[in-house]
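Each chain, letter by letter, is given below.
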Amino acid sequence: MSKYTRVRGTQDFLPERAELLHFINESAVSFFENYGYRLIITPTFENSELFKRSVGESTDIIQKEMYEFKDKGGRDLALRPEGTASVVRAYIENNLGELPKPVKLIYVSQMFRYERPQAGRYREFWQIGAEAIGSPDPALDAEVIELCLNFLNSLAVKDLKLIINSMGCRNCRPGYIKVLKKFLSEKEALFCKTCSQRIEQNPLRVFDCKQKECQKVLSEAPKISDYICEEDKEHFEEVKIYLKTLNVEFVIDPHLVRGFDYYTRTAFEITLSSLGSQDAIAGGGRYDYLIKDYGGPDEPAIGFAFGTERIMLAFENQNITVFTEPEPDVFVAWVEEAQKSDALRISAMLREKHLRVSMAFDSRKLKSQLKLADKLNANTALIVGEEEIKSGKYTFKDLESAKQEKLTIEEVVNKFKDNK
Ligand SMILES: [Zn+2]
Ligand SMILES: [Zn+2]
């Protein structure tokens, strides 16, 4: 047993999973590029204040889940629990508002939250997120939602459901919260402990509860859609029309209210029935005030994020395999120790020609080297002996048919040219 184990809620990505993660991340960057998004990388940690301001002091993320620490200089820092705050900070700090609008950015990074670990949920986890800054146009909302859905479709993730709602704006939402609070307070006895705590502090968060009893009471709760102002209603109507134009199917959930304080107007989630109760795979919405709140220009914006591990879980549940173990094209074997350095050199030459090459190390007999080639599922072996070096013609063996011939290095490379 090793003296050390990984920290609870963290994960080692062993080669197969690491390659899958890499594949999903790379696919996202190139897929999003078609919509005009460009990659941004921000620091892993920021001033804690940045997140408290955006996500909201009374949210679980800030109160219970954020990794906060003081550095040796006494700064209050936090590992980022989400991506939008950092992107917006970078947008303002680097004057990205000077670029043509909307400015479209994608990030692919680890996030950190001290949550209860469960299937597909980790304390250090990956997110793919997109932010489109600088336009209030409902057509942009539709484009962003379609991108989110279309990317998942491109990965062949099935059983996706899009849920949308409008969360109103700063003028109309307080009115709704008042009515909601009244409703919830009257029924407080029917709610679980967490919910009854939330009623006073952050009533919108009561909707996050997954308990059946709470959900039952909530189904009768006042709907935000009945309280949003005319402008928000109009915006939402247009979003729906544009989504129809794009042939995007959606369901309206009048109780969908996203977890962060900064959301306004359009909110959406994509759920996956196969993931069970924790079924949201992606979510996002408008955040029209955040940039101004951070001291930047008055620019509306919209964004979303995927939980990458949730996508990976969906892959596993659907038995989607993206990768098979890469097998060597050629296994270079040496007859005696004296030819090991030639084998090393020839391997390098073949790799320069873009072949996948392995060779044996340590002291081994030729027979045991060929056994190793078999274990690695190598297709062919190139045998380097004294005679071969003298003649410049090597024994090239097809490991499946066991047929062998004498070939120069150039001839070996040509063998693979057709299928490369
Ligand atoms: Zn409003
Ligand atoms: Zn509850």
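Predicted model only: the values in this text are computed from it and were never measured.

S.K.: How do you make sense of the packing of aromatic side chains when you look at a structure like this?
M.R.: Aromatic rings in a pair are described by how distant their centres are and how their planes are angled relative to each other. Overall, the coordinates contain 14 aromatic pairs when judged by the stated rule. Measuring from centroid to centroid gives 5.9 Å for tyrosine 67 and tyrosine 114, while their planes differ by 80 degrees, and the two rings are edge-to-face. Of this pair, tyrosine 67 sits in the loop between helix 3 (60-65) and strand 3 (68-70) while tyrosine 114 sits in the loop between strand 5 (103-112) and strand 6 (124-133); the two residues are 47 residues apart in sequence, bridging distant segments of the chain. Accessibility expressed as a relative area gives 26% for tyrosine 67, which makes it partly exposed.

S.K.: What is the right way to read the nonpolar core from this model?
M.R.: One finds Leu184 and Phe191 to be the most contacted residues of the largest nonpolar core, which totals 55 residues. If sequence neighbours within four positions are ignored, leucine 184 has contacts with Phe191, Ile199, Pro203, Val206 and Leu218.

S.K.: Looking at this structure, I do not really get the sheet that holds strand 3. What am I missing?
M.R.: Backbone hydrogen bonds hold the strands of a sheet together, and the pairing may be parallel or antiparallel. Strand order across the open sheet formed by three strands is 2-4-3, with antiparallel pairing between neighbours. This sheet does not close on itself; its edge strands, each paired only once, are strand 2 (45-47) and strand 3. Within the sheet, the average angular offset between the axes of one strand and its neighbour, ignoring direction, is 35 degrees. Summarising the sheet, strand 3 and strand 4 (residues 76-79) pair through three bridges and their orientation is antiparallel. Looking across to strand 4, one finds that glutamate 68 is bridged to alanine 78. Taken strand by strand, helix 2 (residues 48-55) contacts strand 2, strand 3 and strand 4, and its axis lies near 80 degrees from that of strand 2.

S.K.: Please clarify how the layout of surface pockets should be interpreted in this entry.
M.R.: If you roll a probe as big as a water molecule over the atoms, it shows you where there is empty space left. Reported here for the second largest pocket is a volume of approximately 270 Å³. Here the element with the most residues in the lining of the second largest pocket is strand 15 (residues 394-398); it accounts for three residues. For the lining of the second largest pocket, a count of residues per class yields four nonpolar, four polar and six charged.

S.K.: When you look at the side chain of glutamate 299 in this model, what are you seeing that I'm missing?
M.R.: Assignment of secondary structure puts glutamate 299 in the loop between helix 10 (290-293) and strand 11 (301-307). Within the structure, glutamate 299 has its side chain in polar contact with the side chain of tyrosine 91 (distance 2.5 Å). Within polar-contact distance, the side chain of glutamate 299 engages the side chain of lysine 101 at 2.9 Å. Beyond its immediate stretch of four places on either side in the chain, glutamate 299 contacts Tyr91, Lys101, Ile133, Gly134, Asp288 and Ile291.

S.K.: Help me understand the pairing of strand 16 (residues 404-407), please; the structure alone is not making it clear to me.
M.R.: Along any regular strand the residues' side chains alternate between the sheet's two faces. Here strand 15 pairs with strand 16 via four bridges, running antiparallel. Bridge pairing in strand 16 places lysine 397 opposite glutamine 404.

S.K.: Explain the coordination of the zinc ion (ligand 1) to me, please; I cannot follow it from the model alone.
M.R.: When a metal holds four donors in a tetrahedron, each ideal angle between them is 109.5 degrees; when it holds six in an octahedron, the ideal angles are 90 or 180 degrees. The protein atoms that coordinate the zinc ion (ligand 1) are Cys169 (SG), Cys172 (SG), Cys229 (SG) and Asp232 (OD), at distances of 2.1 to 2.3 Å. Coordination geometry of the zinc ion (ligand 1): the four donor atoms subtend angles of 86 to 122 degrees at the metal centre, consistent with an arrangement described as tetrahedral. Within one chain, the residues serving as donors to the zinc ion (ligand 1) are arranged as C-x2-C-x56-C-x2-D. Note that cysteine 172 is positioned in the loop between strand 7 (160-166) and helix 6 (173-186) and cysteine 229 in the loop between helix 8 (212-218) and helix 9 (230-245), a separation of 57 residues in sequence. Here cysteine 172 matches cysteine 229 in class, with each residue buried.

S.K.: Just to check I follow, could you spell out the sheet that holds strand 1 (residues 38-39) for this structure?
M.R.: Spatially, 1-5-6-11-10-9-7-8 is the arrangement adopted by the eight strands of the open sheet, whose pairing is mixed. The sheet is open, and its two borders are formed by strand 1 and strand 8 (251-252), each paired with just one other strand. Here helix 1 (residues 15-33) sits on the sheet and contacts strand 1, strand 5, strand 6 and strand 11; the angle it forms with strand 6, its principal contact strand, is near 0 degrees.

S.K.: Help me understand the coordination of the zinc ion (ligand 2), please; the structure alone is not making it clear to me.
M.R.: On the protein side, the zinc ion (ligand 2) has Cys192 (SG), Cys195 (SG), Cys209 (SG) and Cys214 (SG) as donor atoms, found 2.2 to 2.4 Å from it. Taking relative accessible area as the criterion, cysteine 214 reaches 1% and is therefore assigned buried.

S.K.: In this structure, what is going on with the side chain of arginine 205? I would like to understand it.
M.R.: With respect to the element layout, arginine 205 can be found in the loop between helix 7 (193-201) and helix 8. What arginine 205 contacts, discounting residues up to four positions off in sequence, is Arg198, Val257, Arg258 and Gly259.

S.K.: Is there a simple way to think about empty space enclosed by the protein in this case?
M.R.: Applying the stated criterion across every chain yields a total of one cavity of 30 Å³ or more. Of the pockets and cavities examined, the largest cavity occupies roughly 40 Å³. Top element by residues in the lining of the largest cavity is strand 5. It accounts for three residues. The residue makeup of the lining of the largest cavity, split by class, is five nonpolar, three polar and one charged.

S.K.: Looking at this structure, how should I read the packing of helix 2 against helix 4 (residues 84-93)?
M.R.: Angle between the axes and distance between the axes: these two values describe a pair of packed helices. Direction vectors running N to C along helix 2 and helix 4 enclose 110 degrees, while the axes themselves pass 9 Å from each other. As summarised for this structure, helix 2 and helix 4 are arranged roughly perpendicular, according to the angle between their axes. Facing helix 2, whose interface residues are Leu50, Phe51 and Ser54, helix 4 presents Ala85, Ser86 and Arg89. When the residues that make up the contact of helix 2 with helix 4 are grouped by side-chain class, the tally is three nonpolar, two polar and one charged.

S.K.: Help me understand the environment of arginine 75 in this model?
M.R.: When you line up the elements, arginine 75 lands in the loop between strand 3 and strand 4. With a relative accessible area of 49%, arginine 75 lands in the partly exposed category.

Definitions and limits used
- Residues numbered from 1 in each chain as written.
- Chains lettered and ligands numbered in written order.
- Predicted model: local features only at pLDDT ≥ 70, side-chain atom pairs only at ≥ 80, totals over all residues.
- Heavy atoms only, no water.
- Phe/Tyr/Trp six-rings, centres within 6.5 Å; stacked < 30°, edge-to-face > 60°.
- Helix = DSSP H or I, 4+ residues; strand = E, 2+ residues; numbered from the N terminus.
- Buried < 20%, exposed > 50% of the residue type's maximum accessible area, 1.4 Å probe, protein only.
- Core = buried A, V, L, I, M, F, W, Y, C linked by side-chain atoms within 4.5 Å.
- Contact = heavy atoms within 4.5 Å.
- Pairing = 2+ DSSP bridges.
- Axes fitted to C-alpha atoms, helices over the stretch in contact; angles between N-to-C directions.
- 1 Å grid on protein atoms, 1.4 Å probe; cavity = no way out; pocket = protein on both sides within 12 Å on 5 of 7 lines; lining within 4 Å.
- Points joined across faces, edges and corners; volume = space filled by probe spheres on them.
- Nonpolar A, V, L, I, M, F, W, Y, C, P; charged D, E, K, R; others polar.
- Polar contact = N/O pair within 3.5 Å; in protein donor to acceptor, adjacent residues only side chain to side chain.
- Donors = N, O, S within 2.8 Å, 3.2 Å for Na, K, Ca; no water.
- Tetrahedral: all angles 85-135°; square planar, octahedral: opposite > 155°, others 65-115°.
- Parallel < 35°, antiparallel > 145°, perpendicular 65-115°, else oblique.

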